[in-house]
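Summary of the model geometry
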Amino acid sequence: MLIYNTQSRKKEEFKPINPPKVSMYICGPTVYNYIHIGNARTFLMSDVIRRYIEYKGYDVKFAMNITDIDDKIIRQSIEENVPSSEVAGKYIKAFLEDMDSLKLKRATINPYATDHIGEIIDLIKTLEEKGFAYNIDGNVFYDVSKFKTYGQLSGKNIDDLESGARIEINEMKKNPLDFSLWKKAKEGEPSWDSPWGKGRPGWHIECSAMSCKHLGETIDIHMGGNDLIFPHHENEVAQSEAATDKHFVNYWMHLGFVNINEEKMSKSLGNFFTAREVLAKFPAEAIRLFFVQTHYRGPLSFSEELLSGAQKGLEKITNLAETLKLEEEKNSTSSVNPEFDFEKYYAEFEKEMDDDFNSPKGVAVIFDFVKNVNKVIADNESLHVEFVKKAKEFLSKTAEGVLGILHFDDLGKSKGASLEDELINLLLRLRAQAKEDKNYKLSDEIRDQLSGLGVQLKDSKTGTTFTIN
Ligand code: AMP
Ligand code: ZN
């Protein structure tokens, strides 16, 4: 399996430190608002990557931190006139709900920054003792000049970094690239006791402390959006490696941005859709298909039109899945077991996904599979139970298990569809059952009654679809 490593800027063979265990860390949300669909893509693609690594037989420990103390949260708490812990609590709940609605697997652990103040203080103390940190009147900074390989992850030299980046401006710093490890408390702000007085941690140190506590000093994979390479991840490397003298991360993976009209989707530009707004209109599976049809590293243009296109495409997969589900219930013992090379499709799917998680090509293999299984269905009167089982298993392992674009248990009750659609789908399932029971009187009656209401049915080998006049 090849993974593109930001550190080396090339694809490298994946060799976990302690197989079959794999440790993965992703920088999670700062909880001061609802997440937008751009944030959602980052988390959703990390879910697909994690699921594929699990598909390969690894035992993944997946940590996604929650930044629950930060300037933005404090600002929001002043705006809403509630304590910052209340702001964080409200948006943590919303975040986890959104992740569940998008059908992400829950992380193995979601560590909160405010639960790790002790570990953070210990880490800063170590950095101070080793000469990598300095304290100015209760503000502790990291001294970048002491870390000789600073800039290596982002591939920049110190001069470029100084001129180009969004670095924190603070007159107390010795060097513009130095960054806060501990911020002295300001009047009315949440704070904790520390050897440097009351204050709160900087953002970067949280991730170094939490990844070390939960995954160890060296971890297999660290992920985050492209924007985090510098300064956030560069600073994590500087902190962790200076403190432990160990290599911090073996594979750095960065996920591409969602754009809207050629601009980055962001809260500050105001050009965003929240994940929950989009989920109210489209089922999670359609959103997931839309995302996995673009490589995780590439940029992705967002529009509802493109999302509708993905939803249409998804029908091909769900129609076949529904047919297979019905066939399975029939438990047909037809003696003809059609020739079909299932292994070929597994091999193709794995070949694409092994190549740095090439999900667009992985999806193409699934569509090709659907097309060819449909041909078999069209050519055969009834299907052998073994064929149905294997076809369903393929979709279940790939489309459902890895990509999450299909859920056999949820077929027919697609979230985001209207109650009207769901009721029609219910009638269609009852009609299919009536036909199977050779109760043609009832199945015709359902069709005619629906037609009387302006709902036209179209039967095909792969199932029934409807249009409303
Ligand atoms: P934040 O809550 O702002 O810290 O962002 C959470 C995650 O979403 C980070 O990994 C960001 O890199 C990522 N992110 C922010 N904006 C976008 C976007 N437009 N497209 C994709 N990922 C994004
Ligand atoms: Zn982080």
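How each quantity is defined
Residue numbering note: each chain is counted from 1, following its sequence as written. Going through the entries in the order they are written, you letter the chains from A and number the ligands from 1. Given that this is a predicted model, residues contribute local features only at a pLDDT of at least 70 and side-chain atom pairs are listed and counted only at 80 or more, while totals for whole chains, interfaces and linings are drawn from all residues. Computation of side-chain values covers all heavy atoms of the structure but excludes hydrogens and water. Surface patches are defined over residues having more than 30% relative accessible area and no salt bridge, joining like charges when they lie within 9 Å and nonpolar side chains (Val, Leu, Ile, Met, Phe, Trp, Tyr) when within 5 Å. Residue-level accessible areas treat just the shown protein chains as cover; the underlying method is Shrake-Rupley with a 1.4 Å probe. What makes a salt bridge here is a side-chain nitrogen of Lys or Arg within 4 Å of a carboxyl oxygen of Asp or Glu, nothing more. Under the scheme used here, helices are H or I runs from DSSP no shorter than 4 residues and strands are E runs no shorter than 2 residues, and both carry numbers assigned from the N terminus. Burial classification: accessible surface area is computed with a 1.4 Å probe over protein chains only, and a residue below 20% of its type maximum counts as buried, one above 50% as exposed, and the rest as partly exposed. Pairing between strands is defined by DSSP: at least two bridges between them are needed. Handedness is read with the strands pointing away from the viewer; a crossover is right-handed when the path from the first strand over the helix to the second is clockwise. Side-chain atoms alone can form a polar contact between residues adjacent in sequence; in general such a contact is a pair of N or O atoms within 3.5 Å, and within protein one must be able to donate a hydrogen while the other accepts it. What marks off one domain from the next here is an automatic or database domain assignment. Note that water is not among the atoms used; donors are N, O and S atoms within 2.8 Å of the metal (3.2 Å for Na, K and Ca), so sites may look incomplete. In short, tetrahedral needs four donors with all angles between 85 and 135 degrees, square planar needs four and octahedral six donors with opposite donors over 155 degrees apart and all other angles between 65 and 115, and whatever is left is irregular. In this text, near means that some heavy atom of the residue lies within 4 Å of the molecule or strand in question. Charge counting follows a simple rule: Lys and Arg are positive, Asp and Glu are negative, and His as well as the terminal groups are ignored. Here, residues are in contact when the closest pair of their heavy atoms is within 4.5 Å.

Once that is clear, we can look at a nonpolar patch on the surface. A contiguous nonpolar patch, built from Leu419, Leu423, Leu426, Leu427 and Leu430 and spanning about 460 Å² of accessible area, is present on the exposed surface. Mapped onto the elements, Leu426 comes out in helix α14 (residues 419–436). Under the relative-accessibility criterion, Leu426 is labelled partly exposed at 39%.

The subject of this paragraph is the pairing of strand β4 (residues 59–64). Both strand β3 (residues 21–26) and β4 contribute to a ladder of 6 bridges, which runs parallel. Paired with Met24 across the strands is Phe62, a residue of β4. Between the parallel elements β3 and β4, the chain passes through helix α1 (residues 37–55) in a crossover that is right-handed.

Turning next to the environment of Glu277. Positionally, Glu277 belongs in helix α8 (residues 275–281). Sequence spacing of Glu277 and Val60 is 217 residues, and the spatial spacing of their C-alpha atoms is 31 Å. Of the polar contacts made by the side chain of Glu277, one reaches the backbone nitrogen of Thr274; its length is 2.7 Å.

We now examine the domain arrangement of the protein chain. According to the domain assignment, the protein chain consists of domain 1 (17–264), domain 2 (312–410) and domain 3 (415–468). Computed over C-alpha atoms, the centres of domain 1 and domain 3 are 51 Å apart.

Moving on: the sheet that holds strand β11 (residues 258–260). The mixed open sheet is built from 3 strands, whose spatial order is β12-β11-β13. Bordering the open sheet on either side are β12 (263–264) and β13 (300–301), each of which pairs with just one other strand.

Okay, the coordination of the zinc ion (ligand 2) next. With distances of 2.0 to 2.7 Å, the protein atoms coordinating the zinc ion (ligand 2) are Cys27 (SG), Cys207 (SG), His232 (NE2) and Glu236 (OE). Around the zinc ion (ligand 2) sit 4 donor atoms; with metal-centred angles ranging over 74 to 132°, the donor geometry is irregular. Motif for the zinc ion (ligand 2), donor spacing along one chain: C-x179-C-x24-H-x3-E. You can see Cys27 sitting in the loop between β3 and α1 and its partner Glu236 sitting in helix α7 (residues 229–244), a full 209 residues away along the chain. Each member of the pair Cys27 and Glu236 is classed as buried.

Turning our attention to the site of ligand 1. In the vicinity of ligand 1 there are 14 residues, among which Gly38, Thr42, Asp227, Val258 and Met265 approach most closely. A distance of 2.8 Å is found between a nitrogen atom of ligand 1 and a backbone nitrogen or oxygen belonging to Val258. Contacts to ligand 1 include Met265, whose backbone N or O atom sits 2.7 Å from a nitrogen atom. In isolation ligand 1 offers 500 Å² of accessible surface; the protein chains occlude 91% of this area. Among the elements that line the shell around ligand 1, the one with the most residues is α1, at 4 residues.

Attention now goes to the side chain of Asp220. Tracing the chain through its elements places Asp220 in strand β9 (residues 219–225). Although Asp220 lies buried, it forms no salt bridge, and the closest oppositely charged side chain, Lys21, sits 10 Å away as judged by the N-O distance. A polar side-chain atom of Asp220 sits 2.8 Å from the main-chain amide nitrogen of Ile17. If we ignore the near neighbours within four places in the chain, the residues touching Asp220 are Phe14, Lys15, Pro16, Ile17, Lys21, Val22, Ser23, Val249, Asn250 and Tyr251.

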